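# Fold and contact review
Given next are the chains, with one letter for each unit.
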Amino acid sequence: MQNKKKLPDMHGFRQRLKRDLKSNWILWAMFLPVVIYYAVFNYAPMYGILLAFKKYEIKKGILGSPWVGLKYFERFFSGYNSWNLIRNTLGLSLYSFLAGFPLAIIFALLLHYLTLGKLKKVVQMVSYAPYFISTVVICNMLVLFMTPDTGIFNILLAKLGLESVSFLSMPEYFKSIYVWSGVWQSMGWSAIIYLSALAGVDPGLHESAIIDGASKLKRILYIDLPSIRSTIVMLMIMTLGGIMNVGFEKVYLLQNDLNFSVSDVISTYTYRVGLQQADFGYSTAIGLFNTLINLVFLIGSNALSRKATGESLW
Amino acid sequence: MVKKNRIISNSVSDGTFDAVNILINAILLVIFMWPLWFMVVASLSDPYEVNSGNVVLWVKGFSLNGYRELLKYEPIWIGYRNTILYTALGTVINMVMTVLCAYPLSRKEWMARNFWLKFCLITMYFGGGLIPTYLVVKGLGLLDTIWAMMIPGALSFYNALIVRNYFMNSIPVDLFESAKLDGATHGQYLLKVALPLSKPVLSVVALYYAVGHWNDYYTALIYINDRKLIPLQSAMKDLMSSAQVLAAQITPLSSEGMMSVKAKMELAMSLKYTTIIASIIPMLIVYPLVQKHFVKGVMLGAIKG
């Protein structure tokens, strides 16, 4: 039964494909470089994930190298620093999320209700600017500003009569430095999307609320926030889906021997083990673990939000 | 009418709200602007004054020594030259790939469209990771070539989706039909109709790519060892980590001959400020002009296709 049904289908598919190749050959030809690009730089590396289960020997290649099963995963989870890495990674991104996500919404609301048009324009323009500054420059600035004694932060502390602090060598400050410099850099930019959502809120709702005597604060709570809910949820899913993607560059650049206990995250570890110590299999295994956790978070938060609010990415 | 009503019923609480709001925004303005402003001021001041804490809001002891030192500091200029090349050539490659990806995916008559769309979408959420990708780039012989800076990141599917959505939603369908009646092929239609009509979105996406190249540090960290090929960001990173080494390299500027270690350190620090300014100056000049386009890009990206 099944075969009988499938055969004509396959036949029809081939016919249609042939016709499509003939009539739309230009589209196929245009798209070919894209297929090659993704095949080489995305799909070929996916095949390279096999390394996570193999003892890589250059001469034998990926396929020829002997299998080692889940050895690398066992090594990672039994290692003394694995939980520290996971904790640091999750800690940094959750802290970033909890600080940055609501602040972007609040900032957008404040801008939206700002009565001075000129100030609004200036604040908007200036607040987007830090987003375009490179991570290297941001870290350079942080290091310069936080230099003991002569950095401007410490100079300002001294003017207040406080002791100089070597911020970047103190583990307890690392997370906050990372997170709040990130907020400084991206708050304005993240607010744009909410601003455009706020501009699309039905003005009729506001008009009738005003007639009923609702204050601006009340209108924010009962009209604006519910109206932009779907935007908020969508961005939340996307952020949570990348929860394990702590910005490698910034952590790597701010890392030093003294703050290492809190600044070593999965991505810097994969880099160190993989490229500096050339332990390819082990590094690939940890990278794969990271990607899988991300997928779980993405699928999980998507499902959760579909259940809770009816909004979802797919 | 409505306005009056609001003023009467909510004048007190809304008045407070507005005042507090203006105050918060004014404070935020200072927080966003001051660090950048301070960099400019510090780079133009006497390093001794900067270190002593006399420079907070305005230039003290105007000095261009830092900039003079910058002119002599070769790694930055090598980096500058390379970054300009990577940004210009890299963005061209990006744009070609983006259009080649976006246009076919925007054609509803293309039977394979949905399959290839999924093929691309998967790459947004799943990839091989650092080492497998590194091995592919190495296998292709791209390590330590300028191509490693441009080819592995030749296409961002996120940007391609923005362009595709523009093709689908903002160009009237009739235009294709009439071009087809005139005997135009997809290639001719794309070059003569679709691309000229898409200038706004294409310039936004090109800007995104260009900023990405200008700020890129990661790619060079992984694929480039040759000091002659490093981009600006890598040169700046080296500068940051080597204050002492740098101080030793700095030669006296004038005929005084000897320079104290402290003076050298100060000059090294001054060099750091000037380098940062030099690296963000192109952005600071272009930014006010293109800021609107960047913002438009966010809106374009927000429309789901």
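Residues numbered from 1 in each chain as written. Chains lettered and ligands numbered in written order. Predicted model: local features only at pLDDT ≥ 70, side-chain atom pairs only at ≥ 80, totals over all residues. Heavy atoms only, no water.

## Digging into the overall build of chain B
For clarity, the cut-off: Helix and strand definitions here come from DSSP, where helices need a minimum of 4 consecutive H or I residues and strands a minimum of 2 consecutive E residues; each element is numbered from the N-terminal end. Whether a residue is buried, partly exposed or exposed follows from its accessible area with a 1.4 Å probe, protein chains only, as a fraction of its type maximum: under 20%, in between, or over 50%, in that order. Two residues qualify as a contact provided that any one of their heavy atoms is within 4.5 Å of a heavy atom in the partner residue. The accessible surface values rely on the Shrake-Rupley method and a 1.4 Å probe; as for residues, cover is taken only from the protein chains in view.
Within chain B, the secondary structure is distributed over 14 helices and 0 strands. Tracing chain B from N to C terminus, the helices and strands come up as α-α-α-α-α-α-α-α-α-α-α-α-α-α. Taken across its 305 residues, chain B has 50% of its residues classed as buried. Contacts in chain B between residues far apart in sequence, at least 24 positions, make up 72% of those at least 6 positions apart. As displayed, chain B offers around 14700 Å² of accessible surface, 68% of which is attributable to carbon and sulfur atoms.

## What to know about the domain arrangement of chain A
Residue and element names in this part refer to chain A. For clarity, the threshold we go by: The domain boundaries here were taken from an automatic or database domain assignment. Throughout, buried area stands for the accessible area (probe radius 1.4 Å) lost by two parts on being put together, summed over both. Salt bridge criterion: a side-chain nitrogen from Lys or Arg within 4 Å of a carboxyl oxygen from Asp or Glu. Contacts described as polar in this section are N or O atom pairs within 3.5 Å, which, within protein, must combine one atom able to donate a hydrogen with one able to accept it, while residues neighboring in sequence count only if both atoms come from side chains. Ten residues, namely Ala, Val, Leu, Ile, Met, Phe, Trp, Tyr, Cys and Pro, are considered nonpolar, four, namely Asp, Glu, Lys and Arg, are considered charged, and the remaining ones, Gly among them, are considered polar.
Each assigned domain of chain A is listed with its residue range as follows: domain 1 (2-69) and domain 2 (80-309). For domain 1 and domain 2, the distance between their C-alpha centroids amounts to 37 Å. With 7 residues of domain 1 at the contact, the number on the domain 2 side is 5 residues. Taking both sides of the interface into account, the surface hidden between domain 1 and domain 2 amounts to around 440 Å²; carbon and sulfur atoms contribute 86%. Counting the contacts that link domain 1 with domain 2 gives 0 salt bridges. Taken together, the connections running from domain 1 to domain 2 amount to 0 residue pairs in polar contact (both at pLDDT 80 or more). A per-class count over the side of domain 1 that touches domain 2 returns 5 nonpolar, 1 polar and 1 charged.

## Focus on the interface of chain A and chain B
Taken together, the contacts link 93 residues of chain A with 98 residues of chain B. Taking both sides of the interface into account, the surface hidden between chain A and chain B amounts to around 8700 Å²; carbon and sulfur atoms contribute 79%. Broken down residue by residue, the surface that chain A buries against chain B is led by Phe-31, Phe-41 and Phe-132 of chain A, which jointly contribute 8%. Here chain A is connected to chain B by 1 salt bridge. Asp-18 of chain B serves as the salt-bridge partner of Lys-216 of chain A, at 2.7 Å between the closest nitrogen and oxygen. Considering every element that reaches the side of chain A that touches chain B, the biggest residue donor is helix α2 (residues 25-47) of chain A, with 18 residues.

## Thoughts on the side chain of Gln-124 of chain A
Residue and element names in this part refer to chain A. If you trace the backbone, Gln-124 turns up in helix α6 (residues 117-128). Only 3.0 Å separates the side chain of Gln-124 from the side chain of Tyr-128, close enough to count as a polar contact. Apart from residues no more than four positions distant in its own chain, Gln-124 is found in contact with Leu-111 and Leu-195.

## A word on helix α5 (residues 113-125) of chain B
Inclusion rule: A helix's residues, less one, multiplied by 1.5 Å, set its expected span.
Look at α5 of chain B: 19 Å from first C-alpha to last across 13 residues, which is about the 18 Å you get at 1.5 Å a residue. Turning to α5 of chain B, the residues buried within the fold contact α2 of chain A together with α4 (74-106) and α7 (157-170) of chain B.

## Re the side chain of Thr-91 of chain B
With respect to the helices and strands, the residue Thr-91 of chain B is situated in helix α4. Other than its neighbours up to four places away in sequence, Thr-91 of chain B contacts Tyr-86, Ala-206, Tyr-209, Ala-210 and His-213 of chain B.

## Structural notes on the environment of Ser-43 of chain B
All names here are of chain B. Counting through the fold element by element, Ser-43 comes out in helix α1 (residues 2-43). For Ser-43, a relative accessible area of 0% corresponds to the buried category. Residues Ser-43 and Met-111, spaced 68 residues apart in sequence, show a C-alpha to C-alpha distance of 59 Å. What Ser-43 contacts, discounting residues up to four positions off in sequence, is Ser-63, Tyr-67, Tyr-273, Thr-274 and Ile-277.

## A word on the packing of helix α5 (residues 82-112) of chain A against α6 of chain A
All names here are of chain A. Stated formally: To get an axis, a line is fitted to the C-alpha atoms, and for a helix only the part in contact is used. The angle between two axes follows their N-to-C directions and goes from 0 to 180 degrees. For classification, angles of less than 35 degrees are called roughly parallel, those exceeding 145 degrees roughly antiparallel, those between 65 and 115 degrees roughly perpendicular, and all remaining angles oblique.
Across the interface, α5 lies against α6 with an axial gap of 10 Å and an inter-helix angle of 150°. On the basis of the axis angle, α5 is roughly antiparallel to α6. For the pair α5 and α6, contact is made by Phe-107, Leu-111 and His-112 and by Lys-120, Val-123, Gln-124 and Ser-127, respectively. Here the contact of α5 with α6 is composed, by residue class, of 3 nonpolar, 3 polar and 1 charged.

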